[in-house]
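One letter stands for each residue in the lines below.
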Amino acid sequence: MAVLLSVYGYCAVGLAKNGTVPPGAAGYGAGLGVLALVAHIAVRLRAPYADPLLLPIGVLLNGLGLVLIYRLDLETPGDRAAPTQLVWSTLGVTLFIVVVLALRDHRVLQRYAYVCVAAALALLTLPVFFPAVNGARIWIRIAGFSIQPGEFAKVLLAVFFAAYLAANRNALAYAGRRVCASNSPPGACWARSSRSGC
């Protein structure tokens, strides 16, 4: 469904702009479909109990991102970024598969929660020391090569928050709301208030 929605968006852009289905729609759909299928097989083999929605959501966001880039490409015929972005998507899926196959127990990452958040903050502040690109300081450009450190910071922050929430799930689960002058687990205060008339 994620791939079909992305291909539909790709075709809709071409139809709205030129009145015809883009000639690369089949290749775009096939490329995105193969990437999604390979990633899905890797998850089913190595992490069969993983959340079944995360990968389709990632595929859909990536596909819609490619559609938006293609729409921008139509305004700059001499500068096509969508094919390059598909190459980067392929590299991202390859790294995803490597991590899924190599990381036997994801709970090992809990040990590095605070290292991850420190590294993420460092990556987010790094572009400040480089020249702005189109008025934004989110890029690092060295010798014609550009990169956004914030994209890597997102992964590190996800690891940190997952580890933090897993380590503190009991405290967070029983935080509850402050009702009737006491902190109560979720649902408990309403039951007590109905009995006491609070």
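See the structure printed just above.
Analysis parameters
- Residues numbered from 1 in each chain as written.
- Predicted model: local features only at pLDDT ≥ 70, side-chain atom pairs only at ≥ 80, totals over all residues.
- Heavy atoms only, no water.
- Helix = DSSP H or I, 4+ residues; strand = E, 2+ residues; numbered from the N terminus.
- Buried < 20%, exposed > 50% of the residue type's maximum accessible area, 1.4 Å probe, protein only.
- Contact = heavy atoms within 4.5 Å.
- Phe/Tyr/Trp six-rings, centres within 6.5 Å; stacked < 30°, edge-to-face > 60°.
- Core = buried A, V, L, I, M, F, W, Y, C linked by side-chain atoms within 4.5 Å.
- Axes fitted to C-alpha atoms, helices over the stretch in contact; angles between N-to-C directions.
- Parallel < 35°, antiparallel > 145°, perpendicular 65-115°, else oblique.
- Left-handed = near helix turned anticlockwise from the far one by under 90°.
- Nonpolar A, V, L, I, M, F, W, Y, C, P; charged D, E, K, R; others polar.
- 1 Å grid on protein atoms, 1.4 Å probe; cavity = no way out; pocket = protein on both sides within 12 Å on 5 of 7 lines; lining within 4 Å.
- Points joined across faces, edges and corners; volume = space filled by probe spheres on them.
- Salt bridge = Lys/Arg side-chain N within 4 Å of Asp/Glu carboxyl O.
- Patch = residues over 30% accessible without salt bridge, like charges linked within 9 Å, V, L, I, M, F, W, Y side chains within 5 Å.
- Areas by Shrake-Rupley, 256 points an atom, 1.4 Å probe, with all protein chains shown as cover.

K.L.:
Describe the overall build of the protein, listing the residues and the values that go with them.
P.N.:
The secondary structure content of the protein amounts to eight helices and four strands. Its helices and strands in sequence order give the protein the pattern α-α-α-α-α-β-β-α-α-β-β-α, from N to C terminus. Counting across all 198 residues of the protein, residues that qualify as buried make up 23%. Residue pairs in contact within the protein that sit at least 24 positions apart in sequence constitute 48% of those at least 6 positions apart.

K.L.:
Summarise the packing of aromatic side chains; cite the residues concerned and give the values.
P.N.:
In this structure the tally under the stated criterion is five aromatic pairs. With a centroid separation of 5.6 Å and an interplanar angle of 65°, the aromatic rings of Tyr114 and Phe160 are classed as edge-to-face. With Tyr114 in helix H5 (residues 113-125) and Phe160 in helix H6 (residues 149-167), the pair connects residues that are 46 residues apart, well separated along the chain. The exposure class assigned to Tyr114 is exposed, which follows from its relative accessible area of 58%.

K.L.:
So, the side chain of Ser6: which residues are in play, and what are the values?
P.N.:
Mapping Ser6 onto the fold places it in helix H1 (residues 2-18). Judged by relative accessible area, which is 0%, Ser6 ranks as buried. What Ser6 contacts, discounting residues up to four positions off in sequence, is Tyr28, Leu32, Val59, Leu60, Gly63, Leu64 and Val67.

K.L.:
Outline the nonpolar core, listing residues and values.
P.N.:
Taken as a class, soluble globular proteins show a tendency for nonpolar side chains to be buried jointly. Counting 15 residues, the largest nonpolar core has Tyr10, Val13, Tyr28, Leu32, Val59, Val67 and Tyr70 as the members making the most contacts within it. When contributions to this core are tallied by element, the ones reaching two or more residues are H1, helix H2 (25-46) and helix H3 (54-73). Looking at this core element by element, the count peaks at five residues for H1. Residues in contact with Tyr10, not counting those within four places in the same chain, are Pro22, Gly24, Ala25, Tyr28, Val67 and Tyr70.

K.L.:
Let's hear about the packing of H1 against H2: which residues, and what values?
P.N.:
Geometrically, a packed helix pair is captured by the angle between its two axes and the distance between the axes. Taken N-terminus to C-terminus, the directions of H1 and H2 make an angle of 160°; their axes are 10 Å apart at the nearest point. Considering the angle they form, H1 stands roughly antiparallel to H2. In this structure, the crossing between H1 and H2 has a hand that is right-handed. On the side of H1, the interface is formed by Val3, Ser6, Val7, Tyr10 and Cys11, while H2 contributes Ala25, Tyr28, Gly29, Leu32, Gly33 and Ala36. Class assignment of the residues belonging to the contact of H1 with H2 gives a composition of eight nonpolar, three polar and no charged.

K.L.:
With reference to specific residues and values, describe the layout of surface pockets.
P.N.:
In this structure, the second largest pocket occupies an estimated 180 Å³ of space. Forming the walls of the second largest pocket are Tyr10, Pro22, Pro23, Gly24, Tyr28, Leu66, Tyr70, Asp73, Arg80, Ala82, Pro83 and Leu86. Going through the elements one at a time, H3 and helix H4 (82-102) are the ones with two or more residues in the lining of the second largest pocket. Partitioning the lining of the second largest pocket into residue classes produces nine nonpolar, one polar and two charged.

K.L.:
Tell me what's going on with the pattern of salt bridges, and back it up with residues and numbers.
P.N.:
As enumerated under the stated definition, the model contains four salt bridges in all. Among the ionic contacts, a cluster of salt bridges with common partners joins Lys17, Arg71 and Glu75.

K.L.:
Lay out a nonpolar patch on the surface with the relevant residues and their values.
P.N.:
A contiguous nonpolar patch, built from Tyr114, Phe161, Tyr164, Leu165 and Leu172 and spanning about 540 Å² of accessible area, is present on the exposed surface. Here the nonpolar patch gets three residues from one element, more than from any other, and that element is H6. Within the secondary structure, Tyr164 sits in helix H6.

K.L.:
An account of the packing of H2 against H3 is needed here, citing residue identities and associated values.
P.N.:
Relative to each other, H2 and H3 sit at 160°, their axes nearing to 11 Å. Between H2 and H3, the angle is such that the two are roughly antiparallel. Two packed elements cross with a definite hand, and for H2 against H3 that hand is right-handed. For the pair H2 and H3, contact is made by Tyr28, Leu32, Ala36, Ala39, His40 and Val43 and by Leu55, Val59, Asn62, Gly63, Leu66 and Val67, respectively. Among the residues forming the contact of H2 with H3, the class breakdown is nine nonpolar, three polar and no charged.

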